[in-house]
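# Understanding the architecture of this molecule
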Amino acid sequence: MARELQMFCLGVNYRNCPVAVREQFSVGKSRLAEVNAALAALPGVEECVLLSTCNRTELYFWCSDEADVLPSIMQYFLGEAPDAAALRAFFYLHHGTEALFHLAAVAAGLDSMVVGETEIFGQLKDAYRVALECGVTGGFANRTFQSVFTIGKKVRSSSNITSGPTSVGAAAVQMAQGILGNLEGTNVLVVGAGEVARTTAQSLRSRGAESIFVANRSYDRAVELANQVGGRVIRFAEWVPYLENIDIVIVSTASPVYVVSPPVLEQVQKTRGRSLFLIDLSVPRNVDPACGLVDDVYVYDMDAMEKMTEETRRLRAGEIAACEQMIRAWVQENADSLLKKRVFCGACV
């Protein structure tokens, strides 16, 4: 007996969900396999792929009837939160061709905060790889993601969507320039050594930052990044005293807790005598928002980044529309083969 599985995308992202809410649903790399397995084990979930980045957490899943599956998935995400009803309102659900279009738009960088960003493509491939290795994908997910990677590459290569800043790191440096006016001669501290920290540090160097200091819990990774950008390494436990001579701090780590707190900055500001700027690119946030209440300390998070990138999106509106048209044509051509293939239920034979 044959049955059809339907494709869905359930998630939250930067468009309608502030970072204070978004961070509650963020899933770190170390937990991605565990959460994929837990979601796939929910009754009715046949296949799934979980994507979690600084700007979105999305579950792509396949089932026979979402009415039987969606409540348990929402329960998994919301748990016993006292404000579950309010949090539920931030989630969106895409189905069928709409879900397929959304996934392709994500792969192409059209749905990113920084339009055309290159990081999301690698993050999506990593998310699929983890799900594949967990054994929670099947014929539907495998065909869909492999096909989406192809259209994502095509959209990028045949358009100008990647002109201008194409990473969160590059956009952060653009923000830093807006704050300081000119980065030449500035001293910058980068806390973290992951992909976002790397692209940020490289952009800082190309824009004339004089001294780049790198601090990371893994000292070896900090050394590697510092060598790439001609910077200096600070041991993670020792970076606070260096703030005396730092103009701007970029924070991007995978820590689930704050690594910068008001008491630390209050002590630092007693002797600095000038403003200190912190750009927090982490989700969950690594800089306590209360740091912005310390005299002459200014904190910018991913919500502030979104406001800055709105102008970039407006300027690229025509290019975005052309890319979306390419994806719509691809969806129309591939919807039947990707969404309507039947699977056989052995127990029903």
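Structure report, in brief. Note that the coordinates shown come from a computational prediction; the quantities given were computed from them, not determined experimentally. (Residues numbered from 1 in each chain as written. Predicted model: local features only at pLDDT ≥ 70, side-chain atom pairs only at ≥ 80, totals over all residues. Heavy atoms only, no water.)

### Notes on the pairing of strand E9 (residues 248-251)
A two-sided burial pattern is seen for E9, the buried positions comprising Ile248 and Ile250 on one face and Val249 and Val251 on the other. Two elements, strand E6 (residues 187-191) and E9, share four bridges in a ladder whose sense is parallel. Among the inter-strand pairings, Val191 is bridged to a residue of E9, identified as Val251. Of the crossover connections in this fold, the one passing from E9 over helix H11 (residues 262-272) to the parallel strand E10 (residues 276-280) is right-handed. (Buried < 20%, exposed > 50% of the residue type's maximum accessible area, 1.4 Å probe, protein only. Helix = DSSP H or I, 4+ residues; strand = E, 2+ residues; numbered from the N terminus. Pairing = 2+ DSSP bridges. Right-handed = clockwise from strand over helix to strand, strands pointing away.)

### Description of the environment of Ile179
In this structure, Ile179 sits in helix H8 (residues 168-180). Overall, the relative accessible area of 23% leaves Ile179 in the partly exposed class. When the C-alpha positions of Ile179 and Phe277 are compared, they lie 8.3 Å apart, and in sequence the two are 98 residues distant. Excluding residues within four positions of it along the chain, Ile179 makes contact with Ile248, Phe277, Ile279 and Tyr300. (Contact = heavy atoms within 4.5 Å.)

### Focus on helix H9 (residues 195-206)
Here H9 contains twelve residues, and its C-alpha end-to-end distance of 17 Å stays within 8% of the 16 Å for a straight helix at 1.5 Å per residue. Looking at H9, one finds that the buried residues are Val196, Ala197, Thr199, Thr200, Ala201, Ser203 and Leu204. Of the surrounding elements, those touching the buried residues of H9 are helix H6 (119-134), H8, E6, strand E7 (211-216), helix H10 (219-229) and E9. (Expected span 1.5 Å × (residues − 1).)

### Digging into the pairing of strand E5 (residues 92-95)
A one-sided burial pattern is seen for E5, the buried positions being Tyr92 and His94 and the unburied ones Leu93 and His95. In this structure, strand E2 (residues 6-13) lies alongside E5, joined through four bridges in antiparallel fashion. Residue pairing across strands places Cys9 opposite His94, the latter belonging to E5.

### Section: the sheet that holds E10
One open sheet accounts for six strands, arranged E8-E7-E6-E9-E10-E11; its pairing is parallel. Of all the strands in the sheet, the pair left with one neighbour each is strand E8 (232-235) and strand E11 (297-300). Strand after strand, the sheet turns through a mean of 20° between neighbouring axes, direction not considered. Docked against the sheet, H10 engages E7 and E8, running at close to 160° with respect to E7. (Axes fitted to C-alpha atoms, helices over the stretch in contact; angles between N-to-C directions.)

### Describing the packing of aromatic side chains
The description of two aromatic rings rests on the distance between their centres and on the angle between their planes. Tallied over the entire structure, the rule returns eleven aromatic pairs. On the basis of an interplanar angle of 70° and a centroid distance of 5.7 Å, the ring pair of Phe121 and Phe149 is categorised as edge-to-face. Within this pair, whereas Phe121 is found in helix H6, its partner Phe149 is found in helix H7 (residues 139-157), the two being separated by 28 residues in sequence. Given the relative accessible area of 11%, Phe121 is considered buried. Of the residues examined, Phe149 reaches a relative accessible area of 10% and is grouped as buried. Seen in terms of ring centroids, Phe277 and Tyr298 are 5.4 Å apart; in terms of plane orientation they differ by 20°. Their pairing is stacked. Of this pair, Phe277 sits in strand E10 while Tyr298 sits in strand E11, placing them 21 residues apart in sequence. On the accessibility criterion, Tyr298 (38% relative accessible area) is partly exposed. Positioned over the ring face of Phe140 is Arg143, at 5.2 Å from the centre of the ring. Against the face of Tyr219 rests Arg235, its NZ or CZ located 3.8 Å from the ring centre. (Phe/Tyr/Trp six-rings, centres within 6.5 Å; stacked < 30°, edge-to-face > 60°. Lys NZ or Arg CZ within 6 Å of the ring centre and 35° of its normal.)

### Observations concerning the nonpolar core
Ranked by size, the top nonpolar core spans 67 residues in total, and within it Leu39, Phe61, Ile73, Phe77 and Phe145 carry the most contacts. Not counting chain neighbours up to four residues away, the residues in contact with Leu39 comprise Val45, Cys48, Leu50, Leu59, Ile73, Tyr76 and Phe77. (Core = buried A, V, L, I, M, F, W, Y, C linked by side-chain atoms within 4.5 Å.)

### Section: the side chain of Ser112
Locating Ser112 in the fold gives a position in the loop between helix H5 (97-108) and H6. Among the polar contacts listed, one links the side chain of Ser112 to the side chain of Glu117, at a separation of 2.9 Å. Not counting the four nearest positions on each side in its chain, Ser112 is found in contact with Tyr14, Arg56, Glu117, Ile120 and Arg313. (Polar contact = N/O pair within 3.5 Å; in protein donor to acceptor, adjacent residues only side chain to side chain.)

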